[in-house]
Each structure stands twice: as structure tokens, then as C-alpha cells.
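The primary structure of each chain is shown beneath.
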Amino acid sequence: MADLTFDNIGISHLQACVPENTIINRRYTDYFSEEEADAIVDKTGIEERRFAKEGVCSSDLVYHAAKKLIDENSIDLSQVKFLIFVSQTADYKMPASSVILQHRLGLGQDCMAFDMNLGCSGFVYGLSTMYSLVQSAFSDKAKGLLLVGETRSRVYSARDRKTAYLFGDAGVACLISKGLKFGESHFDLNSNGELENLIKINTGGSRNPSTVDSLTMEITDSHGNVRTEEHGYMDGTEVFNFVISNIPNSVKSFLNRIELAAQDVSFFVFHQANKFMNNHLKKKLRIPNEKYISNLDRFGNTSSVSIPLVISTEMLNNTLDKSNTLLCGFGVGMSWANALLDLNQTQIGDLLEC
Amino acid sequence: MDKQKFIELFKETIDMEDKEIKGDVVFRELEEWDSLALLSVIAMIDDEYDIIIQGNDFKSLNTLNDIMTYINDNK
């Protein structure tokens, strides 16, 4: 594992934005029966998700979140020197959406801006990278804006039962700065590219450019699920096997390395995959109910946004101690990462719906 | 391993407590069997017997007896 340790860097503010448009899974029956929908909801635990309106992109969701964060807290934009946009549903293949956001948000031209193409591990990866930048910044007042946004509703086929009920859209903005109050934080980050085929969009990149066929030819699996090569697919069984084989051990060795006992963790925030997988992780790691927070039932799997979205909805107005909050992201790549940080000093804005 | 206990756990895992099945049942032919049942069973086996049966290995198992033998052989 790539191990990182930081001192006195933290998330000063966190703001989430979700589309108003709510999909009620039990009534998502354009292609599947009510019985099928009910069975899927019962197993996955995802009752509702948010779908961005046509014309609204991930970058828009994070833009609105960032604007609210900046305006409500009178952030001095001249101090924001770093902007990272984490997404696998960016506006264009080029230029990077982060650079466009630099302009939209009115940040200075002396701001470093770049995209990070990762999914479910993306928030922890983005956070560790932003922490590194802010720590090394020339000025003590330098701040970083970590923007994490996804419109996964558009990635998967609505006729593929394996993925049609899982994913939702959201965006989060976090402001990262230096400060003694934040204390120590730790990260560990991992990759296994051998598993590239577990969660994938085959075409539309350089390896397999789009063709008329890739955009229109329907692929039907043995269960009657339909998608094209331009849609995402997920090998659920193999992903599940990967997660249960690797994640519990990864969390345990991370805690070992940082010499923290599991019972001293204040909250566990896992990537919100599905109730079934997450319950298994909770059981395997013996996490008590009061330390496990989730919003899967209301927002589904928002990929890279899921961890900060849980922080936003479940830690707002939560006065319990969050000094040892463990974040655990895992997914597409396969890529996975853990973080341990103090969230007591993080100001969380009310959820924005747009 | 306790055969009866395993069969009971299996039935509970895929929501068929009120039916009777034996060790030689071809589980893939059960009405309740689907991709979610497969994951639930893999998770149950990990929880109860501390063993993760990889997807590929599971493909070669056909009856509950096969699963129990696998668990016994790989503990």
C-alpha cells in the first residue's frame, strides 16, 4: 500500500449537491416488472436515487456545490491555488473539466487545475492528492478545492438488470486547508489493474474507438439483459468476490499500520455499493450499528461521490465525536483506498438540491 | 462439518426456509436461484466458514454436497 501521513491539513468545509429529480426504484418499471423491481430493491437496499436533468453534467453539480460553499462561507478565492475534479463522467475528452471550472468559479489563473479519472476510490485518492498539494504549498493560507461529481445514471443501460437500479448522480465540493485543529491524517492507496475487466466501458476511448456498431449494436446476455458496448458493465459476482477477499484485510492492515484499534474508530464510511455487500463488510469487520453510517437507501451508488455524500447527509448536525473517521473506497480499476481523519472540524453545509 | 446446519443456512440465505431439500440437490435448478442468491451464498460461506469461494471455483460445484466437500477440503 502507498502510505501517506499528514499533519495539520484538513477539510474545512464540505458541501453536497444532488439533482431534485428522484427515481423511486420500486416504480422504475419501464423495462422490468414491479415484482422484479421489488426483489432488486429488497436485496440492494436502494429505494431512491437522483438523476440529473438532461443537459446537467457532473461539472454542473459540483459547480453548484462549490458556489454555495464559497458564498455561504465568504471564501477568499485568491487563496484557492489547487482544484481537482474527480469524475469519470467529465464534460469532454478534452479539455479537462477542472480547467473549465477554474474559470466558472472565478478562481485566479495562478490556480493549478486537473481532472482525476477514478471511480469509487476517487474521493480518497483525490483527498490524499489535495492534502499533498496543500501541505507543500508555498503559502500557509493556500487552499484546495476538491470537486467530486458523477452522472452515473447515463453510463449504464436501463435494460441491464444487473446495473439499472444501482447508480445515482451527485456532486460534492470540499475545501481543504492547513490548520493545527485538523491534527494527523493517514491514507493508504492501492491498485490492481489485472482486474480491469470487472467494471468497464469497452468503447469510446483510444483502445476501442466508437463505431456505428459500438453505439447501436445490442448485446444481450443469457438473462435477457441488453446494453451496447458504449454502456458500462459490471461483473457483479467477481466484484463481490474482489471486495470480500480484499477489503476487510485492507482495512485491518491499515488500522494496524496506523496503530489504531477498530474499537477506537469513531465512524466507518464505506463506499456505498449495495446493502448486501456493505452489510457483509460491516459484519466481517464487526462494526457496531452506531458507528456505521450510510445513505444508500436514498441516493444509491454515486461512485466517487458516495463517501463525501454520506458525510454530508449523515454527519450534518451530528454532534458525536468524529475524530477518528475511517473512509474506505473501493471499485472500478480495481482501485481501493483507506483514510483516517478527524472530521470534527469540518463544517458541513445543508444539502443542496438543484 | 454439520451437514444439516449447512443445509439450513443455505435455505435461510436464499429465502426458502419452508421447503425441504437434500444435499444432492442441484442448487442451480432451484426456483430461488439467481445471481443474487449466488452472492448471498458466497457471503454466508465466508461468514460461517471463513472461506471465500471464488467465482470460477463455484462454477464447478453443482450440488450442496459439492459445496460442503469444497469447504471441508479448503478449510
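On a predicted model such as this, the values are computed, not experimentally measured, just so you know.

A closer look at the overall build of chain B
Counting its regular elements, chain B contains four helices and zero strands. Ordered by position from N to C terminus, the α and β elements of chain B give α-α-α-α. Here chain B has a C-alpha radius of gyration of 11 Å; the compact-globule value for 75 residues is 11 Å, and the two agree. Its C-alpha atoms give chain B principal-axis dimensions of roughly 30 × 25 × 20 Å. Counting all 75 residues of chain B, 49% fall into the buried class. Across chain B, the fraction of contacts at a sequence separation of at least 24, relative to all contacts at a separation of at least 6, is 55%. Surface accessibility of chain B: about 4100 Å² in total, with carbon and sulfur atoms responsible for 43%.

Concerning unusual backbone geometry
A cis geometry characterises the amide bond from M94 of chain A onward to P95 of chain A, with omega recorded as 0°. Take P95 of chain A: it is sitting in the loop between β5 (80–86) and α3 (97–104). Residue E259 of chain A is not a glycine yet carries a positive backbone phi of 55°. For E259 of chain A, a relative accessible area of 73% gives the class exposed. We note that D15 of chain B has phi near 60°; this positive angle belongs to a residue other than glycine. Inspection of the secondary structure assignment puts D15 of chain B in the loop between α1 (3–13) and α2 (35–49).

Brief notes about the pairing of strand β15 (residues 325–331) of chain A
Residue and element names in this part refer to chain A. Among the seven residues of β15, seven are classified as buried, and the element is accordingly described as predominantly covered. Bridging between strand β14 (residues 267–270) and β15 involves four bridges; their strand directions are parallel. The residue bridging F268 from the neighbouring strand is L326, located in β15. With seven bridges connecting them, β15 and strand β16 (residues 335–341) associate as antiparallel partners. Bridge pairing in β16 links L327 to A339. Linkage of β15 to β16, two consecutive antiparallel strands, is achieved through a turn of three residues, within which G333 is found at a positive phi near 150°.

What to know about the nonpolar core
Grouped together as the largest cluster of nonpolar side chains are 66 residues, with contacts concentrated most on F270 of chain A together with I45 and F58 of chain B. Mapped onto this core, the elements with two or more residues apiece are α6 (236–257), β14, α7 (275–284), β15 and β16 of chain A together with α1, α2 and α4 (64–74) of chain B. Ignoring sequence-local partners within four residues, the contact set of F58 of chain B consists of F27, R28, W33, L38, V41, I42, I45, I53 and I67 of chain B. Formed by 45 residues, the second largest nonpolar core is a distinct cluster that contains L14, C174, F267 and I293 of chain A.

So, helix α2 (residues 58–72) of chain A
All names here are of chain A. The terminal C-alpha atoms of α2 lie 21 Å apart, and with 15 residues this matches the ideal 21 Å at 1.5 Å per residue to within 8%. A large share of α2 lies buried, amounting to eleven of its 15 residues. Within α2, burial applies to S58, S59, D60, L61, V62, Y63, A65, A66, K68, L69 and I70. Taken together, the buried residues of α2 touch β2 (9–18), β5, α3, β7 (143–151), β8 (169–178) and β18 (352–353). Positive backbone phi, at 45°, marks S74, one or two positions downstream of α2.

About the cut-offs
Residues numbered from 1 in each chain as written. Chains lettered and ligands numbered in written order. Predicted model: local features only at pLDDT ≥ 70, side-chain atom pairs only at ≥ 80, totals over all residues. Heavy atoms only, no water. Helix = DSSP H or I, 4+ residues; strand = E, 2+ residues; numbered from the N terminus. Rg over C-alpha atoms; globule rule 2.2 N^0.38 Å. Buried < 20%, exposed > 50% of the residue type's maximum accessible area, 1.4 Å probe, protein only. Contact = heavy atoms within 4.5 Å. Areas by Shrake-Rupley, 256 points an atom, 1.4 Å probe, with all protein chains shown as cover. Pairing = 2+ DSSP bridges. Core = buried A, V, L, I, M, F, W, Y, C linked by side-chain atoms within 4.5 Å. Expected span 1.5 Å × (residues − 1).

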